[in-house]
Amino acid sequence: MTGDPQEGDLMRSKRRISSSTSTAATAFDIAASESSNPRDISPVEEVRNKRKESVLSTARTMQVLNVLQHWISKHTQDFIQDKELRYMTLEFLEEIVCTPNLLPAEYKAATQLTQMLTKACTKHETNLQDLLAPPPQVANKENIETLSALEIAEQMTYIDYHIFKSIRSEEFFGQAWLKSEKLTKAPHIVLFTQRFNTMSKLVANEILNRSNMSQRVHVIEKWIAVANILRFLNNFNGVLTIISAMNNSSVFRLKKTWDKVSKTVRPATLYQAS
């Protein structure tokens with residue numbers, strides 16, 4: 001007697017499901033047994049794997065140190081301006097130095113970077129303070145009268161450069177140098193402005209302190225020579241400092257003195273009509 005076709009199909013489907021289920025279960029059991037019983041690794045292979053991991057770790061560490069070395073040597077200003085970045089970098093280098101099983105090359109590189117960064121930041125802070133400190137009260141034959149125009153221009157440019165490069169980009173935000181908190185938000189711009197005003201007053205006083213007309217003429221011509229040298233040194237801030245002094249009302253009205261100044265040395269911007 002022939003069975004029901006639908007019943008036969010149902011039985012075959014059940015057998016296929018049972019077969020696939022048992023196959024999946026078998027595969028799972030095999031995978032689980034392999035994970036719980038990993039393949040035995042020979043001592044030689046284990047040493048080789050550890051050595052490979054050590055080499056890779058050393059390579060990565062040296063790559064990071066090389067990047068830091070380039071950053072610190074080429075862009076020291078980033079670490080000088082951003083104290084948080086400086087402290088985080090020093091802390092990171094200290095962690096590397098204190099890492100156990102550190103290779104001599106890694107230790108040496110990290111130590112040198114720490115010394116380089118610390119020295120650069122300390123030197124910068126010391127330089128700026130020394131440059132702006134008042135001159136020592138000791139007997140010295142050197143003064144503005146004895147110094148040449150070239151020496152004065154070079155020293156002005158040297159000091160202006162160190163102040164200028166200390167200005168951080170965030171000091172320009174919202175014209176911070178005009179706000180009440182300018183000393184904290186734009187200290188170097190304020191310092192640069194003060195330097196401009198101080199030098200402008202110094203030049204004006206150098207001219208006005210001469211009681212003799214010929215001496216005043218000599219001083220004016222000398223400072224004009226300084227301004228011309230500053231222009232060639234691309235120190236346009238210094239040029240404007242001297243122009244500001246020459247346009248000071250007390251200097252500007254010295255008509256007779258300006259008449260004696262050689263027209264070949266005074267630029268058109270400083271020329272005073274008689």
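Going by the structure above, here's the rest.
Remember, predicted model here, so these are calculated numbers, not experimental data.

Conventions we followed
Residues numbered from 1 in each chain as written. Predicted model: local features only at pLDDT ≥ 70, side-chain atom pairs only at ≥ 80, totals over all residues. Heavy atoms only, no water. Helix = DSSP H or I, 4+ residues; strand = E, 2+ residues; numbered from the N terminus. Contact = heavy atoms within 4.5 Å. Areas by Shrake-Rupley, 256 points an atom, 1.4 Å probe, with all protein chains shown as cover. Expected span 1.5 Å × (residues − 1). Buried < 20%, exposed > 50% of the residue type's maximum accessible area, 1.4 Å probe, protein only. Phe/Tyr/Trp six-rings, centres within 6.5 Å; stacked < 30°, edge-to-face > 60°. Lys NZ or Arg CZ within 6 Å of the ring centre and 35° of its normal. Lys, Arg positive; Asp, Glu negative; His and termini not counted. Salt bridge = Lys/Arg side-chain N within 4 Å of Asp/Glu carboxyl O. Axes fitted to C-alpha atoms, helices over the stretch in contact; angles between N-to-C directions. Parallel < 35°, antiparallel > 145°, perpendicular 65-115°, else oblique. Left-handed = near helix turned anticlockwise from the far one by under 90°. Nonpolar A, V, L, I, M, F, W, Y, C, P; charged D, E, K, R; others polar.

Attention now moves to the overall build of the protein. A tally of helices and strands in the protein yields 12 helices and 0 strands. Helices and strands appear in the protein in the N-to-C order α-α-α-α-α-α-α-α-α-α-α-α. Nonlocal contacts in the protein, meaning residues at least 24 apart in sequence, comprise 67% of its contacts between residues at least 6 apart. Working note: accessible area of the protein is about 19100 Å², and carbon and sulfur atoms make up 57% of it.

Before going further, it helps to examine helix H6 (residues 149–164). Taking 1.5 Å per residue as the helical rise, H6 with its 16 residues ought to reach 22 Å, and the 22 Å between its terminal C-alpha atoms agrees with that figure. Three or more residues of H6 are buried, namely Ala149, Ile152, Ala153, Met156, Thr157, Ile159, Asp160, His162 and Ile163.

Turning to the packing of aromatic side chains, a few remarks are in order. For any two aromatic rings, the description comes down to two numbers: the centre-to-centre distance and the angle of the planes. According to the stated counting rule, one finds 3 aromatic pairs in the structure shown. Measuring from ring centre to ring centre gives 5.9 Å for phenylalanine 164 and phenylalanine 192, while their planes differ by 50°; the resulting arrangement is tilted. On the criterion of sequence distance, the pair formed by phenylalanine 164 in helix H6 and phenylalanine 192 in helix H8 (residues 187–208) is long-range, its members being 28 residues apart. For phenylalanine 164, a relative accessible area of 53% translates into the label exposed. Residue classification places phenylalanine 192 among the buried positions, given a relative accessible area of 15%. Geometrically, the ring pair formed by phenylalanine 172 and tryptophan 177 is edge-to-face, given 6.2 Å between the ring centres and 75° between the ring planes. Positioned above the aromatic ring of tyrosine 87 is the side chain of arginine 86, whose terminal nitrogen or guanidinium carbon lies 5.8 Å from the ring centre. Stacked on the ring of phenylalanine 232, the Lys or Arg arginine 231 has its end atom at 4.9 Å from the ring centre.

So, on to the side chain of lysine 222. Residue position: lysine 222 is located in helix H9 (residues 213–232). Buried charge lysine 222 goes without a salt bridge, the closest partner of opposite sign being glutamate 151 at 7.5 Å. Not counting residues up to four positions away in its chain, the partners in contact with lysine 222 are Ile144, Glu145, Thr146, Leu147, Ser148, Ala149 and Ile152.

Moving on, we get to unusual backbone geometry. Here the phi dihedral of glutamine 175 falls at roughly 50°; this positive angle occurs in a residue that is not glycine. Position of glutamine 175 among the secondary structure elements: in the loop between H6 and helix H7 (182–185).

It is worth spelling out the environment of alanine 120 at this point. Here alanine 120 lies in helix H5 (residues 104–132). Counting along the chain gives 41 residues from alanine 120 to phenylalanine 79, while the straight-line C-alpha distance between them is 9.1 Å. Apart from residues lying up to four places away in sequence, alanine 120 is in contact with Thr76 and Ile80.

Closest axis-to-axis distance for the H8/helix H10 (residues 236–246) pair is 8 Å, and the angle between their directions is 45°. The orientation of H8 relative to H10 falls into the category oblique. Regarding H8 and H10, the two cross each other, and that crossing is right-handed. Contact residues: H8 offers Phe192, Phe196, Met199, Ser200, Val203, Ala204 and Ile207, while H10 offers Asn237, Leu240, Thr241, Ile242, Ser244, Ala245 and Met246. Partitioning the contact of H8 with H10 into residue classes produces 10 nonpolar, 4 polar and no charged.

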